Amino acid sequence: QVQLVESGGGLVQAGGSLRLSCAASERTFRLYAMGWFRQAPGKEREFVAAITWNGGNTGYADSVKGRFTISRDNAKNTVYLQMNSLKPEDTAVYYCAARKNTNAPREFYEYDYWGQGTQVTVSS
């Protein structure tokens, strides 16, 4: 069982930046693809970004491409989401997810383990 703990959320003004972190309990973290998803009130959970097990490939939702960067440090069992030029529409609870596979899909149902989420609020 992989436990994921997100941190780094908070309140920021539009145009600002935040860096989310997701720490994993699993010693074989390097074998897991990781993803970030978000869910705003009244909306479905949506894909934000994903990264393969070795960091060799990444993918982004069109809405965040060029503003967000996903990365990972396998030595620290941690995945990051650097969020720049934040917009009010980025306001949501952000979740990290893990999948024991080399691929990093965009579909939430492909992931096996989820964190509890961290709130990001962007004020206008």
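Below, the structure is looked at part by part. As the structure is a computational prediction, the values presented were derived from the model and not from experiment.

The rules we used
Residues numbered from 1 in each chain as written. Predicted model: local features only at pLDDT ≥ 70, side-chain atom pairs only at ≥ 80, totals over all residues. Heavy atoms only, no water. Helix = DSSP H or I, 4+ residues; strand = E, 2+ residues; numbered from the N terminus. Buried < 20%, exposed > 50% of the residue type's maximum accessible area, 1.4 Å probe, protein only. Contact = heavy atoms within 4.5 Å. Areas by Shrake-Rupley, 256 points an atom, 1.4 Å probe, with all protein chains shown as cover. Lys, Arg positive; Asp, Glu negative; His and termini not counted. Charge placed at Lys NZ, Arg CZ, Asp CG, Glu CD. Phe/Tyr/Trp six-rings, centres within 6.5 Å; stacked < 30°, edge-to-face > 60°. Pairing = 2+ DSSP bridges. Salt bridge = Lys/Arg side-chain N within 4 Å of Asp/Glu carboxyl O. Polar contact = N/O pair within 3.5 Å; in protein donor to acceptor, adjacent residues only side chain to side chain.

### Here we look at the overall build of the protein chain
Check the secondary structure of the protein chain and you find zero helices and 11 strands. Overall, the protein chain shows an N-to-C arrangement of helices and strands of β-β-β-β-β-β-β-β-β-β-β. Counting the 124 residues in the protein chain, one finds 44% classified as buried. Restricting to contacts in the protein chain with at least 6 residues of sequence separation, those with at least 24 account for 59%. As presented, the protein chain carries roughly 6400 Å² of accessible surface, and 44% of it is formed by carbon and sulfur atoms. When the 14 positive and 11 negative side-chain charges of the protein chain are each reduced to one mean point, those points stand 6 Å apart.

### As for the packing of aromatic side chains
Evaluation of the coordinates by the stated rule reveals six aromatic pairs. On the numbers, 5.8 Å between centres and 75° between planes, the contact of phenylalanine 37 with phenylalanine 47 is edge-to-face. Taken together, the residues phenylalanine 37 in strand β4 (residues 33-39) and phenylalanine 47 in strand β5 (residues 46-51) connect sequence positions 10 residues apart. On the accessibility criterion, phenylalanine 47 (12% relative accessible area) is buried. Cluster of aromatic residues (ring-pair linked, three or more members): Phe37, Phe47, Tyr111 and Trp114.

### Description of the pairing of strand β9 (residues 92-99)
A large share of β9 lies buried, amounting to seven of its eight residues. Strand direction decides the pairing type here: β4 and β9, joined by seven bridges, are antiparallel. Looking at β9, one finds that glycine 35 is bridged to alanine 97. Of the strand pairs in this sheet, β9 and strand β11 (residues 118-123) are connected by three bridges, and their pairing is antiparallel.

### Here we look at the pattern of salt bridges
All told, the structure shown has five salt bridges when counted by the stated rule. The partner of aspartate 62 in a salt bridge is lysine 65, with the nearest N and O atoms 3.3 Å apart. One exposure class covers both aspartate 62 and lysine 65, and it is exposed. Between arginine 99 and glutamate 110 there is a salt bridge, and its shortest N-O distance comes to 3.5 Å. Here arginine 99 is found in strand β9, whereas its partner glutamate 110 is found in the loop between β9 and β10 (113-114), with 11 residues between them in sequence. Glutamate 110 sits in the partly exposed class, given a relative accessible area of 29%. Connected through shared salt-bridge partners, Arg38, Glu46, Arg67 and Asp90 make up one network.

### Observations concerning the environment of lysine 65
Tracing the chain through its elements places lysine 65 in the loop between β6 (58-60) and β7 (68-73). Along the sequence, lysine 65 and tyrosine 80 sit 15 residues apart, while their C-alpha atoms lie 15 Å from each other. There is a polar contact of 3.3 Å between the side chain of lysine 65 and the side chain of aspartate 62.

So far we have only geometry, and geometry alone does not tell us how the molecule works.
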